[in-house]
Amino acid sequence: MGFCSIEFLMGAQMKKYRVQPDGRFELKRFDPDDTSAFEGGKQAALEALAVLNRRLEKLQELLYAEGQHKVLVVLQAMDAGGKDGTIRVVFDGVNPSGVRVASFGVPTEQELARDYLWRVHQQVPRKGELVIFNRSHYEDVLVVRVKNLVPQQVWQKRYRHIREFERMLADEGTTILKFFLHISKDEQRQRLQERLDNPEKRWKFRMGDLEDRRLWDRYQEAYEAAIRETSTEYAPWYVIPANKNWYRNWLVSHILVETLEGLAMQYPQPETASEKIVIE
């Protein structure tokens, strides 16, 4: 698959998986097994992904060199949804000088003593930087809702807070891409079992995963509401079918590469561009 064909396909892909800000989003309309946007199987997708990796490497270098744009990638998923795998594969080869991963676990006492966006705002990208949120501020309308950690009148207001927070970031020059890695309940069961059965992956398993799995339906409702309430033109959500890792990685890479190319970045001219320099 060449560059032209990649670019030709992108418009349809982005439209299909991008959640429109019309308030009509329903998660059930998205099939986690879907692979319809790629004509070919796993091996062909891996070859196409290698092309995208090289393009992303160049685009990220350009982002860093130009030093004008900021890019924020938000990854959310159910347990075993593939956030770590997506980061590892999609961003393979990028320069770590300009890429950073920020993870958000259970808030510390210091963080709980402040507003819930305080710890998040400290991690947003600076100019020339691409930052990946492995989980994010959306935990404060997901976990807290599902587990009743705060009253409804508290988390209900946070959709507006988040929209306004992301609007401010966008107005200040941040390009925001939010990906929900959508897996089925049966796929999650298989992946959790694999973690238990594989000694090299068992460290990833925690008993809390089983508790969260019992709350599957409530999490799906919470994700649907969060995505519906906060997918905007300036900070869109993409629902990525993620039962097939190869398709997930290929699709996220496509959307990211196409978005970066749309920034029309250019390498800056050196200060002495008008002079001929001879190094002795």
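Fair warning: this is a prediction, and the values are worked out from it, not measured in the lab. (Residues numbered from 1 in each chain as written. Predicted model: local features only at pLDDT ≥ 70, side-chain atom pairs only at ≥ 80, totals over all residues. Heavy atoms only, no water.)

Caption draft 1: Structural detail: the overall build of the protein chain. Assigned secondary structure in the protein chain consists of 11 helices and 5 strands. Overall, the protein chain is about 70 × 45 × 40 Å in size when its C-alpha atoms are taken along their principal axes. Within the protein chain, buried positions represent 49% of all 280 residues. The centroid of the 42 positive side-chain charges in the protein chain is displaced by 4 Å from the centroid of its 42 negative side-chain charges. (Helix = DSSP H or I, 4+ residues; strand = E, 2+ residues; numbered from the N terminus. Buried < 20%, exposed > 50% of the residue type's maximum accessible area, 1.4 Å probe, protein only. Lys, Arg positive; Asp, Glu negative; His and termini not counted. Charge placed at Lys NZ, Arg CZ, Asp CG, Glu CD.)

Caption draft 2: Representation of the pattern of salt bridges. The full count for this structure, using the stated rule, is 23 salt bridges. Between glutamate 233 and arginine 18 there is a salt bridge, with its nearest N and O atoms 3.4 Å apart. One end of the pair, glutamate 233, is in the loop between α10 (216–230) and β5 (237–241); the other, arginine 18, is in the loop between α1 (3–17) and α2 (42–66), and 215 residues separate them in sequence. On the basis of relative accessibility, which here comes to 53%, the residue glutamate 233 falls in the exposed class. For arginine 18, a relative accessible area of 21% translates into the label partly exposed. In this structure, arginine 135 and aspartate 79 form a salt bridge, with 3.1 Å as the shortest nitrogen-oxygen distance. (Salt bridge = Lys/Arg side-chain N within 4 Å of Asp/Glu carboxyl O.)

Caption draft 3: Representation of the nonpolar core within the structure. Counting residues in hydrophobic clusters, the biggest one holds 77 residues, and the most contacted among them are Phe133 and Phe179. It is helix α11 (residues 245–261) that provides the largest number of residues to this core, a total of 9 residues. (Core = buried A, V, L, I, M, F, W, Y, C linked by side-chain atoms within 4.5 Å.)

Caption draft 4: Layout of the pairing of β5. Counting buried residues in β5 gives 5 out of 5 residues, a clear majority hidden from the surface. Here β5 shows two buried faces, one formed by Trp237, Val239 and Pro241 and the other by Tyr238 and Ile240. In this sheet, β5 lies alongside strand β4 (residues 174–182) in parallel orientation, the contact comprising 5 bridges. Pairing of phenylalanine 180 across the sheet is with valine 239, part of β5. (Pairing = 2+ DSSP bridges.)

Caption draft 5: Here's a closer look at the sheet that holds strand β3 (residues 130–134). Across the sheet, 5 strands lie side by side as β2-β3-β1-β4-β5; this open sheet has parallel pairing. Edge positions in the sheet fall to β2 (99–103) and β5, since each has one partner strand and no second. Shown here is a sheet whose adjacent strand axes are inclined to one another by a mean of 20°, direction ignored. Pairing between strand β1 (residues 70–77) and β3: 5 bridges, direction parallel. Directly across from leucine 75, in β3, lies its bridge partner asparagine 134. Its contacts with the sheet put α10 on β1, β4 and β5, and the angle it makes with β4 is roughly 155°. (Axes fitted to C-alpha atoms, helices over the stretch in contact; angles between N-to-C directions. Contact = heavy atoms within 4.5 Å.)

Caption draft 6: Here's a closer look at the pairing of β4. Counting buried residues along β4, 9 of its 9 residues qualify, which places the element largely inside the surrounding structure. Of the two faces of β4, the one holding Thr174, Ile176, Lys178, Phe180 and His182 and the one holding Thr175, Leu177, Phe179 and Leu181 are both buried throughout. Alignment of β1 against β4, held across 8 bridges, turns out to be parallel. Residue pairing in the sheet places valine 71 in a bridge with threonine 175 of β4.

Caption draft 7: The arrangement of the UniProt feature "domain: Polyphosphate kinase-2-related" (unreviewed entry) in the protein chain in detail. When the UniProt feature table is mapped to this numbering, "domain: Polyphosphate kinase-2-related" (unreviewed entry) covers residues 46–262. Spanning residues 46–262, this segment combines 52% helix with 15% strand, and its end C-alpha atoms are found 24 Å apart. (UniProt positions renumbered as here; feature names shortened; annotations may be inferred.)

Caption draft 8: Structural context of unusual backbone geometry. Of note in this structure, alanine 80 is not a glycine but carries a positive phi near 70°. Within the element layout of this structure, alanine 80 appears in the loop between β1 and α3 (83–90). Phi is positive for asparagine 148, which is not a glycine, with a value near 55°. Tracing the chain through its elements places asparagine 148 in the loop between α6 (143–146) and α7 (152–171).

Caption draft 9: Spatial organisation of the packing of α3 against α11. With their axes 10 Å apart at the nearest point, α3 and α11 run at an angle of 60° to one another. As summarised for this structure, α3 and α11 are arranged oblique, according to the angle between their axes. The element α3 and its partner α11 pack so that their crossing is right-handed. For the pair formed by α3 and α11, the contact residues are Gly85, Thr86, Val89 and Val90 on the first element and Arg248, Asn249, Val252, Ser253 and Leu256 on the second. Per-class residue counts for the contact of α3 with α11 are 4 nonpolar, 4 polar and 1 charged. (Parallel < 35°, antiparallel > 145°, perpendicular 65-115°, else oblique. Left-handed = near helix turned anticlockwise from the far one by under 90°. Nonpolar A, V, L, I, M, F, W, Y, C, P; charged D, E, K, R; others polar.)

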